[in-house]
Amino acid sequence: MIVAGRTLRGDLQLTADLVVVGTGAGGAMVARQAAQAGLKVIALEEGAYSTPRDFTQREDEMLPLLFQDAGARTTDDGAVTVLQGRGVGGSTVHNTNLCKRAPDAVLDGWQLDGWRARDLAPHYEVVERDLHVSRLAASDLNRNNLLLKRGVEKLGWHGGMLSHNRRGCVRSGFCELGCAFDAKENALKILVPEAVAAGATVYADVRAVRVLVEGGRAVGVQARALDADGRPGPTLTVRAAVCLSGSAVGSARLALASGLPDPSGRVGKGLRIHPGAAVAGIFDETIEGWTGIPQSYECTEKLRFDETPDNDDRTWIIPAFAHPVGIASAMPGFGAAHMTRMRLYPKLGLFVAMLHDRTEGSVTLDGTRLKIRYTLTAGDQRALLKGMRACAELMLAAGARTVVVPFAKPIELTDASQLDQIVRHGYRPLDPLLTAVHPMGTLPIGRVVDERGRWLDLAGLWVADGSLFPTSLGGPPQLTIYAAAHKVAGHVIEELKR
């Protein structure tokens, strides 16, 4: 059963075996596994329950519906936009379906029992089977992705096709605004319905406020239902063991607001976000990058996973695009200059250098106000600029007549001899603007939780989302979040069924 919190008319006192906070990749997986194992499960979701008929393909309607802070969440200094999902299904509703296992070098580098690549492999296999993950074909490349492939091949760099969890895709290009055609094999479509079919109850429009603790044990969650305008309404108190799956930002926020024990001093620390910077190319040919499958090809030439201090090859390069409002908000220039660039929209290509970051940010609370702090280290600045340079080089190799690097004062390049201008420009906060979609690491294994995902200093509490990862993954985390949650769910079930 899925209940809309805005329909509740009075306070509720509920009991269950397990209450899961969040219904994205992590929470939906834990809820399904626990319900199918015969546990009584309640899942709480701050956002709404939406279905394909609600996805109107309008940015002004979908951004407030599907994203935290209507897509305007940023780091405390405004330098990085942090896009996170809000709603049943979490970020799996608006992401572009990229499915890639974390590199063996990253997982093995954690040196954690049970979390090496060979340990996670069977969990990945379950996820890939259940969510119908498959490698895309060359026929799935849209014009923007073909540009990257063309550039990679011209330069002789490493690149290849990506895998996605989509079936019945009509290639409308509106993945980031929710799929109106129900082609995403995600938490919303697969895991949540399977959890409900097994007896779980999902409460949408309900914000978890505090984890309840008694006698050294988590015994439940206090939450508030939200009305259509987001104002708090009736209180829900759920007495149960607890699993936090509200993202590396949301889970850390709830842990801090609840005053959970933290002998390590690491709750909310160690935030990684994979910040990305875009580079645009203007072509003589028509690209229309807003149509087709958004991200189907990758370049890994500038992505190494060795931990040496001088490793500046730490950017994953992928195509990116946006619908008109998104492009307009990121396009440099004002007035007539901005209009001139926007008229080139159909002939734009766009690549993003996404940083495998070592910077450690934080999630904190100032009273009740959330603060995300994140300032790139000098090493990460160098790596990002080098990745942006590579994006520009790829654009030129693909045939761009002009490459636009969106610094505060844009740099326009027409020849490879000009590429070093990007590195010489340097990085400053807000110059260029960065976007992040992969928060990780605020409740890491081995520091805040143990190898089973259980809170080290509090019984009855687990974590199953990107908070768990001790480092950046260097690639899309959704598949690893699903797999990690599948692993943690096994431990939760084992303990609760004793």
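Residues numbered from 1 in each chain as written. Predicted model: local features only at pLDDT ≥ 70, side-chain atom pairs only at ≥ 80, totals over all residues. Heavy atoms only, no water.

S.K.: Would you mind going over the overall build of the protein with me for this structure?
M.R.: What the protein contains, in helices and strands, is twelve helices and 23 strands. Expected size for 498 residues packed as a compact globule is a radius of gyration near 23 Å; at 22 Å, the protein falls within 12% of this value. Of all 498 residues assigned to the protein, the portion counted as buried reaches 58%. Partitioning the contacts of the protein with sequence separation of at least 6, the portion at a separation of at least 24 is 74%. Carbon and sulfur atoms form 50% of the exposed surface of the protein, whose accessible area is close to 19000 Å². Side chains of the protein carry 56 positive and 54 negative charges; the gap between the two charge centres is 1 Å. (Helix = DSSP H or I, 4+ residues; strand = E, 2+ residues; numbered from the N terminus. Rg over C-alpha atoms; globule rule 2.2 N^0.38 Å. Buried < 20%, exposed > 50% of the residue type's maximum accessible area, 1.4 Å probe, protein only. Contact = heavy atoms within 4.5 Å. Areas by Shrake-Rupley, 256 points an atom, 1.4 Å probe, with all protein chains shown as cover. Lys, Arg positive; Asp, Glu negative; His and termini not counted. Charge placed at Lys NZ, Arg CZ, Asp CG, Glu CD.)

S.K.: Would you mind going over the sheet that holds strand β6 (residues 134-135) with me for this structure?
M.R.: The pairing of strands in a sheet happens through backbone hydrogen bonds and is either parallel or antiparallel. Taken in spatial order, the three strands make up an open sheet running β5-β8-β6, and their pairing is antiparallel. One side of each edge strand has no neighbouring strand; the edge strands of this open sheet are β5 (98-99) and β6. Of the strand pairs in this sheet, β5 and strand β8 (residues 163-164) are connected by two bridges, and their pairing is antiparallel. Looking at β8, one finds that Cys 99 is bridged to Ser 163. (Pairing = 2+ DSSP bridges.)

S.K.: In this structure, what is going on with the sheet that holds strand β18 (residues 361-366)? I would like to understand it.
M.R.: Spatial strand order, β13-β18-β19: three strands in an open sheet with antiparallel pairing. Each having just a single partner strand, β13 (269-271) and β19 (369-373) make up the two edges of the open sheet. Each strand axis lies, on average, 40° off the axis of its neighbour in the sheet, ignoring direction. Where β13 and β18 come together, two bridges link them in antiparallel fashion. When the bridges of β18 are listed, Leu 271 appears paired with Gly 361. Against the sheet, helix α7 (residues 247-258) engages β13, β18 and β19, with an angle of about 45° to β18. (Axes fitted to C-alpha atoms, helices over the stretch in contact; angles between N-to-C directions.)

S.K.: I'm lost on unusual backbone geometry in this one. Help?
M.R.: Comment: phi is negative for the bulk of residues other than glycine, and the bulk of peptide bonds are trans. Put simply, Asp 431 and Pro 432 share a cis peptide bond, and its omega is 10°. One non-glycine residue, Ala 70, lies in the positive phi region at around 55°. Within the element layout of this structure, Ala 70 appears in the loop between α2 (59-66) and β4 (80-82). Phi at Gln 111 takes a positive value of approximately 55°, unusual for a residue other than glycine. Mapped onto the fold, Gln 111 is located in the loop between α3 (104-110) and α4 (117-130). For Gln 111, a relative accessible area of 62% corresponds to the exposed category.

S.K.: Where do I start with the nonpolar core in this structure?
M.R.: Side chains of a nonpolar character, in soluble globular proteins, are inclined to be buried together. Core analysis: the biggest nonpolar cluster contains 92 residues, and Leu 44, Trp 115, Leu 244, Trp 455 and Leu 468 have the highest contact counts within it. In terms of residues, this core owes the most to one element, helix α12 (residues 478-496), which gives ten residues. Residues in contact with Trp 115, not counting those within four places in the same chain, are Leu 107, Trp 110, Leu 120, Ile 445, Glu 451, Leu 468, Ala 484, Lys 487 and Val 488. Counting residues in each nonpolar core, the second largest holds 53 residues, with Leu 370, Ala 390, Ile 411 and Leu 419 among its members. (Core = buried A, V, L, I, M, F, W, Y, C linked by side-chain atoms within 4.5 Å.)

S.K.: Is there a simple way to think about the pattern of salt bridges in this case?
M.R.: When the charged atoms of two side chains with opposite charge come close together, those side chains can pair. Scanning the model with the defined rule gives 36 salt bridges in all. Across the salt bridge formed by Arg 369 and Asp 76, the nearest N and O atoms sit 3.6 Å from each other. Of this pair, Arg 369 sits in strand β19 while Asp 76 sits in the loop between α2 and β4; the two residues are 293 residues apart in sequence, bridging distant segments of the chain. Residue Asp 76 is classed as partly exposed on the basis of its relative accessible area, which comes to 36%. Two residues, Asp 313 and Lys 386, come together in a salt bridge whose shortest N-O distance is 3.1 Å. Separated by 73 residues along the polypeptide, Asp 313 in the loop between β15 (297-299) and β16 (315-319) and Lys 386 in helix α10 (residues 378-397) bring together distant segments of the chain. Look at Asp 313 and you get buried, because its relative accessible area is 12%. Here the residues in one salt-bridge network are Arg 32, Arg 129, Asp 130 and Glu 194, joined through shared partners. (Salt bridge = Lys/Arg side-chain N within 4 Å of Asp/Glu carboxyl O.)

S.K.: I keep staring at the pairing of strand β14 (residues 276-282) and nothing clicks. Help me out?
M.R.: When a strand is regular, its side chains alternate between the sheet's two faces. The buried fraction of β14 is high, at six of seven residues. Pairing of β14 with strand β17 (residues 348-355) involves seven bridges; the strand directions are antiparallel. Along β17, the bridge assignment pairs Ala 278 with Val 352. Taken together, the three bridges between β14 and strand β20 (residues 402-405) define a ladder with antiparallel strand orientation. Note that in β20 the partner of Ile 282 across the bridge is Thr 402.

S.K.: Sorry if this is basic, but what is going on with the packing of helix α1 (residues 25-36) against α12 here?
M.R.: Helix-helix packing: each pair is described by the crossing angle between the helix axes and the interaxial distance. Where α1 meets α12, the axes come as close as 8 Å, and the angle between the chain directions of the two elements is 35°. The handedness of the crossing between α1 and α12 is right-handed. Touching Ala 25, Gly 26, Met 29, Val 30, Gln 33 and Ala 34 of α1 are Gln 478, Ile 481, Tyr 482, Ala 485, His 486, Ala 489 and Ile 493, all from α12. Looking at the contact of α1 with α12 residue by residue, the class counts come to nine nonpolar, four polar and no charged. (Left-handed = near helix turned anticlockwise from the far one by under 90°. Nonpolar A, V, L, I, M, F, W, Y, C, P; charged D, E, K, R; others polar.)

S.K.: Help me out: how do you make sense of the side chain of Glu 298 in this one?
M.R.: Positionally, Glu 298 belongs in strand β15. Since its relative accessible area comes to 10%, Glu 298 is described here as buried. Engagement of the side chain of Glu 298 in a polar contact is seen with the side chain of Lys 100, the distance being 2.6 Å. Of note is the side chain of Glu 298, whose polar atom sits 2.7 Å from the side chain of Trp 316. Sequence-distant contacts of Glu 298, defined by excluding residues within four places in its chain, comprise Lys 100, Leu 148, His 158, Gly 159, Gly 160, Leu 162, Trp 316, Ile 317 and Ile 318. (Polar contact = N/O pair within 3.5 Å; in protein donor to acceptor, adjacent residues only side chain to side chain.)

S.K.: Explanation requested: the state of the cysteines in the structure shown.
M.R.: Cysteine pairs can be covalently joined through their sulfur atoms, and such a bond is termed a disulfide. The full count for this structure, using the stated rule, is zero disulfides. No disulfide involves Cys 169; its nearest neighbouring cysteine sulfur is the one of Cys 175, lying 5.9 Å away. Classification of Cys 169 by relative accessible area gives partly exposed; the value is 27%. Of the cysteine sulfurs around Cys 391, a residue in no disulfide, the closest is that of Cys 299, at 8.0 Å. Since its relative accessible area comes to 0%, Cys 391 is described here as buried. (Disulfide = S-S within 2.5 Å.)

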